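Remarks on the overall topology
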Amino acid sequence: MASEGIIRSVYAIGFLLLLIFSKSDGREFRCYSRLTDCQLSEVVLETESAIADARFTAIPRSLTIETGRIPFVTESLFNKWKEANDITLNALSIRSLYLHAGLMHVTAKHNAIDTLLLDSNTTEYGLRTLQLSHNALTELPSSLDRLVQLRVLELDHNKLSTVDMTVLGKLAELRILSLAHNQLTVLAPEHATLRLMKLRTLSLAANQLVTLDVQSWEMDSLVELNLTANNLNWLDGQLSQFPVLKKVELARNHWSCDWFVVQHLYPEPNLESLPFTLDADEPGQCEHGGMMRIGQHCCATTKLPGGSIDPYEDKWSEIGELERKIQKLNRTMHEGSTERKKLLESKYTDLSQRLAQLLEKHRAVDETLQRLETKVNTISDDELATLERELNGKMDAIRLSVEEKWNNTLLNRTEDGTRSAGNWTLQATTELERNISSLRSQLESSMRQFNLYNEKAYRQKAMLDRQSADIDAVQGKVANVLQRHNALQDRIKQELEPKVDVVLGFLGDIAEDSDEAKYPSP
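Reading guide: rules and limits
Residues numbered from 1 in each chain as written. Predicted model: local features only at pLDDT ≥ 70, side-chain atom pairs only at ≥ 80, totals over all residues. Heavy atoms only, no water. Helix = DSSP H or I, 4+ residues; strand = E, 2+ residues; numbered from the N terminus. Contact = heavy atoms within 4.5 Å. Areas by Shrake-Rupley, 256 points an atom, 1.4 Å probe, with all protein chains shown as cover. Buried < 20%, exposed > 50% of the residue type's maximum accessible area, 1.4 Å probe, protein only. Pairing = 2+ DSSP bridges. Patch = residues over 30% accessible without salt bridge, like charges linked within 9 Å, V, L, I, M, F, W, Y side chains within 5 Å. Salt bridge = Lys/Arg side-chain N within 4 Å of Asp/Glu carboxyl O.

**Let's talk about the overall build of the chain**
What the chain contains, in helices and strands, is nine helices and 27 strands. When contacts within the chain are restricted to residue pairs at least 6 apart in sequence, long-range pairs at least 24 apart make up 50% of them. A total accessible area of about 31,400 Å² is found for the chain, and carbon and sulfur atoms account for 54% of it.

Shown next as structure tokens:
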């Protein structure tokens, strides 16, 4: 009886060992916990045949492998997880990682990943989160730009020596980008345009950057920028070009003191404070590095980037003051663009109405002037002709009268040859003087009337010239207002409308994320 019990015990132990070894050889894996997702442990798949023989039972949309060893996460392995779109594969000694087209979230930290593979048949991925910190990546694949929906990209603690910014610039939906603790010496190409309008957090901390050019970076949603623990001494571009920046970390670098002056990071007490917060270098760090302290940071005072002496050393304060005024003006124009647009439209309408009235008045005055000129010309010609005829007639009459009197005088001579004194000479002289006075009076009257007409014509012409000059001035002002109005509309279309679209897209994304959080897909 005892021997039979021992035999049964041996069989039982063998059966248990068989069960244990059948599970440990990786052929069949079941979720041991499904509170939040499927959790697996001791998943060891070191060869292609082991992956081919492995069976996974009832894998849901979320999968976490807590322990094991999978050097190559291949497409055939993902085909066994067809329903899963949220994968966590931390500390599994992964060297090569394949990204399946149906994935939404991938976390693979603390591995040895040096190769990242994408599906060659998929042009655009729906992947939202890719966290690959603490791996061995030396470069990013050019096919990374297919992750058009990617919002979080974490590549901390890898071996990246350079990053192709043109590839990252195509990830338009990116919100968080972290490249900290790598070996970056330069971002290539150095002057590339990086347009990530939805990016909120950017970390380049703990690299080997010496200079950084951000002049062509368009990041209107950037809130946090971390540049700590590099070898930076200069930043080309202005931190103020990021309109919503709230936090900047600059400690543990080798900044030039001139750069702090150019950036106005420590403004005068009576000037506006910075729109963002700054970190600080540790106490004693400046003295240890042989540098001076400006505000909360250490800096060197001797030279600018590249070792050249600053030729504008005594002008930086003036340049800084001008830059602050320009920035304030730009903010004022940006904030008051809507009100200014309404005011300009109102002024434009008012000026248009006034211009129409002036043009109508100008037309009326022009017509009156034309009638007056026609009348003056007609009256002057007729009156001069009439005056000429009257003068000629009177002169003929005077000549006839004088000849008649002269003839009579010859007839009235005495025998001794002398003329008899008579009253006719006095009468003729008096009548002649009276006629001459009348003619002179008429001539003076005609000249006064003619001069009056000329004076009125000159006055009317001067008034018309002034009105024409006023109309030209008003038209110039209206053209200037129209030009400014068009320039303002173009600026609104080029600057304000894209920013409004970005904000609306950002709010839409927040709403979308909120909906996904409230109503997760089954």
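Having put the structure on the table, let's press on.
**A short note on the pairing of strand β9 (residues 96-99)**
What you see with β9 is no split at all: Ser96 and Tyr98 on one side and Leu97 and Leu99 on the other are buried throughout. With two bridges connecting them, strand β7 (residues 72-73) and β9 associate as parallel partners. Its bridge partner being in β9, phenylalanine 72 is matched across the sheet by serine 96. Direction of pairing for β9 relative to strand β11 (residues 115-118): parallel, over a ladder of four bridges. Residue serine 96 lies in a different strand from β11, and its bridge partner there is threonine 115.

**Regarding a nonpolar patch on the surface**
Together, Val500, Val503, Leu504, Leu507 and Ile510 line one region of the surface with nonpolar side chains, adding up to about 430 Å² of accessible area. If you trace the backbone, valine 503 turns up in helix α9 (residues 424-518).

**So, the pattern of salt bridges**
By the definition in use, this model includes seven salt bridges. As a salt-bridge pair, arginine 55 and glutamate 28 come within 3.3 Å of each other at their nearest N and O atoms. Linking arginine 55 in strand β4 (residues 55-57) with glutamate 28 in strand β1 (residues 28-30), this pair joins segments that are 27 residues apart in sequence. Note on glutamate 28: relative accessible area 27%, which makes it partly exposed. Two residues, aspartate 145 and lysine 170, come together in a salt bridge whose shortest N-O distance is 3.5 Å. Taken together, the positions of aspartate 145 in the loop between β12 (129-131) and β13 (152-154) and lysine 170 in the loop between α4 (165-168) and β15 (176-178) put the pair 25 residues apart, joining distant regions of the chain. Residues joined in a network through salt bridges with shared partners are Glu28, Arg30 and Arg55.

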